Amino acid sequence: MPVVDCQGLVRDYALGKTIVHALRNVSLSVDEGDFLAIVGSSGSGKTTLLNMIGCIDTPDGGTVSIDGQPTGGLSSDDLADVRSQKIGFIFQTFNLIPVLSAVENVEYPLLRHRLSSKERRDRALHALEMVELGHVGKNKPNELSGGQRQRVAIARALAVNPRIVLADEPTANLDHKTGLNILHLMKRINKQAGTTFIFSTHDPKVMELAERLVELEDGEITTVGTYRRWDPTGALAHLSHHIDDIIDNMFEHEY
Amino acid sequence: MPLSTHAATLLQTFRIAFRNIFRNKVRTTITLAAIAFGGISLILTGGFIRDIFEQLREATIHSQLGHLQVYREGFYEKGTAQPFQYMIPEPEKVRETIVATPSVSFVTPRLEFSGLLSSGETTTSFLAQGVDPAMEKRLGTFVLMGEGDYLSAGDRYGAILGRGLAASINVKVGDTVTLLTNTRAGSINAIQVKVRGIFYTFYKEYDDRALKIPLETAQELLQHDGIQSLVVVLKRTDDTEAVRKKLAASFAETRQPIEIKSWTELAEFYQKVVDLYSRQFTVIKVIITIVVILSIGNTMSMSIYERTGEIGTVMAIGSRRRSVLQMFLLEGLVLGILGGLAGLFLGILLAQIISFIGIPMPPAPGSTVPYTARIQVYPGILGFALGLSIVTSIISSIYPSLKASRLEIVDALRHNV
Ligand SMILES: Nc1ncnc2c1ncn2[C@@H]1O[C@H](COP(=O)(O)OP(=O)(O)OP(=O)(O)O)[C@@H](O)[C@H]1O
Ligand SMILES: [Mg+2]
């Protein structure tokens, strides 16, 4: 069963009198343990799609299921619970809570879980250690570098043991090298813990690390593949789902 | 969620609220100052008005009214027209009942009458009280001597005149004046008394007509040995109503035809002043409330606007809308408590300083005596000031907080740059 299953997603925005079709009939399913990149030019709908998957925006048409549970029709509180239990978010702008220390930031989503304060602290520290920041737990976000902030954000996303981690351009605000480090870290966690990652990016070097690529263009998926097979000129623009599945299987056998 | 989780969440929300308050120190300081200012204004104004009320109250009581006045039933309504019809029956027995009541300090008898006062050259009308000189002096701590001395017990033909009355017929201490009045039998009787002193009270109107002579002299002049009223002075003004009730019950039980009036019923002027100042104070309260609401509302709106992105973030990572609402309401509450406490502290401090210096006040309307006002800090006003700070803080946080909790997550997240 896929962790994420989107069927026929449609999202329109009214921009003055014109309607922007941010997503037109997007279907995508993501399996457990995937390390998936969503790519495409600016305005192609990457953020919109990630928002749908993350249950922070609702589609005008189509369905999103997380972990087999359809999210259509859920109340705002129920959606908040789905996010809190199953989804981790990593943002382009890090979005740490400035008044909280690193470890408190990581603990924040855990407040909604049934844990003693010790368990909560332990899990937060463990998550910080996973991103190799065990030593800066007491620092406030403004005392950390950009790369460190993003690592704290990753720890925060991981602390709740989510089914999926969503990252919208997680490296866009970092220098190239730091960005790659962040991606390597995500990938390592993906390998070690089997956490599913879905991220969007503009950076070809970052795309290279993805195991699966989904290309969006003007609100539609044009390509599904891997970086090496993905041809930016569009030679494989109509790669069929069938081939896609075969590639997926190949990857599954690789490790 | 189990209780501990709730508690932990609340604790963390508190922590965040607290830290956020100190994030923008300048803004928070200004807001706290506005709230504290409201509290201080309330405490100072309230305490000042309280002091005026109390001074006026004591002046009213100790100029002439006492705490309670005891008459024969009907005197208050019809007594002035037919004073002799409403003498207290068995005054000694009534006095004993009163004196036996707890919290009564002392009782003094009075016989009031009106007539004409003549200095030989000029004549004017007066309102006289035959009094027990020693007791009346004890009662009249707000009866001040302009010239000369008070009545003394042994001095049977001495009199003291109100300042206005003395001036109107141009008599001085040491002069002899004649009092003319109707006796019980209807004839006219006169008596000569020596002016021993000129007095004045808080009430100019009273000073313009009043004179006091010893009770026996009054009885001699009226050819009647009764009294019309017994003036009761209590140990504490606050006991007035309780003692009145107790006395009324005693007299009802013994079937004595006695009526009792308390100083509040007799002090029309005092009631008017209280009414006027209370209204003004209400206006001040409303203004302060508005100032506090606007300043906190403004702070909350700014702080929420600045943190739109953060709100988006916490909702994205699983906070329910309600807890966002909670967080900002809590911030308002913390602001209100801190500002309110600062207001209390500074208000009390300022009240002490101002009271130490004293506020010189011009004579109250209808009075000729200037006085010094102080600021009386009393629990009621402190509670009100703190309560108002907190309640208005919460009220003014409601709208901005609701707005924050209703933000679209995706829109809110876009504010992160
Ligand atoms: N709130 C909105 N109101 C109007 N139009 C919107 C809104 N959000 C997105 N859009 C439009 O929807 C389309 C897709 O936007 P989206 O943000 O998903 O693109 P993106 O692929 O994430 O772009 P970028 O790479 O620049 O982040 C764009 O044309 C955008 O202008
Ligand atoms: Mg985007």
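Residues numbered from 1 in each chain as written. Chains lettered and ligands numbered in written order. Predicted model: local features only at pLDDT ≥ 70, side-chain atom pairs only at ≥ 80, totals over all residues. Heavy atoms only, no water.

Caption draft 1: Looking closely at the overall build of chain B. Broken down by element type, chain B carries 15 helices and 12 strands. Along the longest, intermediate and shortest principal axes, the C-alpha atoms of chain B span 100 × 50 × 30 Å. A separation of at least 24 residues holds for 79% of the contacts in chain B among residues at least 6 apart in sequence. Summed over all atoms, the accessible surface of chain B reaches about 19400 Å², with 60% contributed by carbon and sulfur. For chain B, the separation between the mean place of its 41 positive charges and that of its 35 negative charges on side chains is 12 Å. (Helix = DSSP H or I, 4+ residues; strand = E, 2+ residues; numbered from the N terminus. Contact = heavy atoms within 4.5 Å. Areas by Shrake-Rupley, 256 points an atom, 1.4 Å probe, with all protein chains shown as cover. Lys, Arg positive; Asp, Glu negative; His and termini not counted. Charge placed at Lys NZ, Arg CZ, Asp CG, Glu CD.)

Caption draft 2: Layout of the overall build of chain A. Within chain A one finds 8 helices and 10 strands. Relative to its full complement of 255 residues, chain A shows a buried share of 55%. Within chain A, residue pairs in contact and separated by at least 24 positions form 68% of the contacts whose partners lie at least 6 positions apart. Of the roughly 11100 Å² of accessible surface on chain A, a fraction of 50% belongs to carbon and sulfur atoms. (Buried < 20%, exposed > 50% of the residue type's maximum accessible area, 1.4 Å probe, protein only.)

Caption draft 3: How the structure looks around the domain arrangement of chain B. Residues and elements named next belong to chain B. Looking at the assigned domains, one finds that chain B contains domain 1 (3-60 + 270-413) and domain 2 (74-256). Domain 1 and domain 2 are separated by 51 Å when their C-alpha centres are compared. Taken together, the 13 residues of domain 1 in the interface contact 11 residues of domain 2. Interface area, domain 1 with domain 2, both sides summed: about 970 Å², of which 63% is carbon and sulfur. Summed over the three residues of domain 1 that lose the most area to domain 2, namely A59, T368 and V369, the buried surface amounts to 42% of that side. Our count for the domain 1 to domain 2 interface comes out at 1 salt bridge. Between R57 and D238 there is a salt bridge, with the nearest N and O atoms lying 3.7 Å from each other. At the boundary of domain 1 with domain 2, the tally comes to 2 residue pairs in polar contact (both at pLDDT 80 or more). For the side of domain 1 that touches domain 2, the per-class residue count stands at 6 nonpolar, 5 polar and 2 charged. (Domains from an automatic or database assignment. Buried area = accessible area lost by both parts, 1.4 Å probe. Salt bridge = Lys/Arg side-chain N within 4 Å of Asp/Glu carboxyl O. Polar contact = N/O pair within 3.5 Å; in protein donor to acceptor, adjacent residues only side chain to side chain. Nonpolar A, V, L, I, M, F, W, Y, C, P; charged D, E, K, R; others polar.)

Caption draft 4: Structural detail: the site of ligand 1. Close contacts around ligand 1 come from 15 residues, with S42(A), G43(A), K46(A), T47(A) and T48(A) the closest. Surrounding ligand 1 is a set of residues that belongs to chains A and B. A distance of 2.8 Å is found between an oxygen atom of ligand 1 and a backbone nitrogen or oxygen belonging to G43(A). With the chains in place, 72% of the 630 Å² that ligand 1 exposes on its own is no longer accessible. Mapped by element, the contributors of at least two residues to the shell around ligand 1 are β1 (4-15), β2 (18-30) and α1 (46-53) of chain A. Considering every element that reaches the shell around ligand 1, the biggest residue donor is α1(A), with 3 residues. (Near = heavy atom within 4 Å.)

Caption draft 5: Looking closely at the pattern of salt bridges. Residues and elements named next belong to chain B. Inspection of the entire model under this criterion finds 36 salt bridges over all chains. Among the ionic pairs, E220 bridges to R156, the shortest N-O distance being 3.0 Å. Here R156 lies in the loop between β4 (144-148) and β5 (158-162) and E220 lies in helix α8 (residues 215-222), a separation of 64 residues in the sequence. Residue R236 pairs with D239 through a salt bridge whose shortest N-O separation is 3.2 Å. By relative accessible area, which is 47% here, R236 ends up partly exposed.

Caption draft 6: Focus on the nonpolar core. Formed by 97 residues in total, the largest nonpolar core has its most connected members in V4(A), L49(A), I53(A) and I198(A). Examining the composition of this core, we find that 11 residues originate from one element, helix α2 (residues 25-65) of chain B, more than from any other. Inspection of this core shows a minimum of three residues originating in each of domain 1 (3-60 + 270-413) and domain 2 (74-256) of chain B. Excluding its chain neighbours within four sequence positions, the residues that come into contact with V4(A) are L28(A), S29(A), V30(A), I53(A), S65(A), I66(A), I164(A) and I198(A). (Core = buried A, V, L, I, M, F, W, Y, C linked by side-chain atoms within 4.5 Å.)

Caption draft 7: Broad picture of the interface of chain B and chain A. At the interface, 27 residues of chain B touch 28 residues of chain A. Three residues, R19(B), I317(B) and R320(B), lead the burial of chain B against chain A; their summed loss comes to 24% of the area buried on that side. At the boundary of chain B and chain A, one finds 5 salt bridges. Its salt-bridge partner being R320(B), residue D77(A) comes within 3.6 Å of it at the nearest N-O pair. Across the contact surface, chain B and chain A share 10 residue pairs in polar contact (both at pLDDT 80 or more). Mapped onto the side of chain B that touches chain A, the elements with two or more residues apiece are α1 (3-21), α12 (308-316), α13 (321-357) and α15 (409-413) of chain B. If one sorts the elements of the side of chain B that touches chain A by residue count, α1(B) sits on top with 8 residues.

Caption draft 8: Fine view of the pairing of strand β9 (residues 229-234) of chain B. All names here are of chain B. Buried residues dominate β9, accounting for 6 of its 6 residues. Neither face of β9 is open: one carries S229, V231 and V233, the other L230, V232 and L234, and all of them are buried. Relative to β9, strand β1 (residues 68-72) runs antiparallel, the two sharing 3 bridges. Counterpart to L68 in the pairing with β9 is V232. Relative to β9, strand β2 (residues 104-118) runs antiparallel, the two sharing 6 bridges. (Pairing = 2+ DSSP bridges.)

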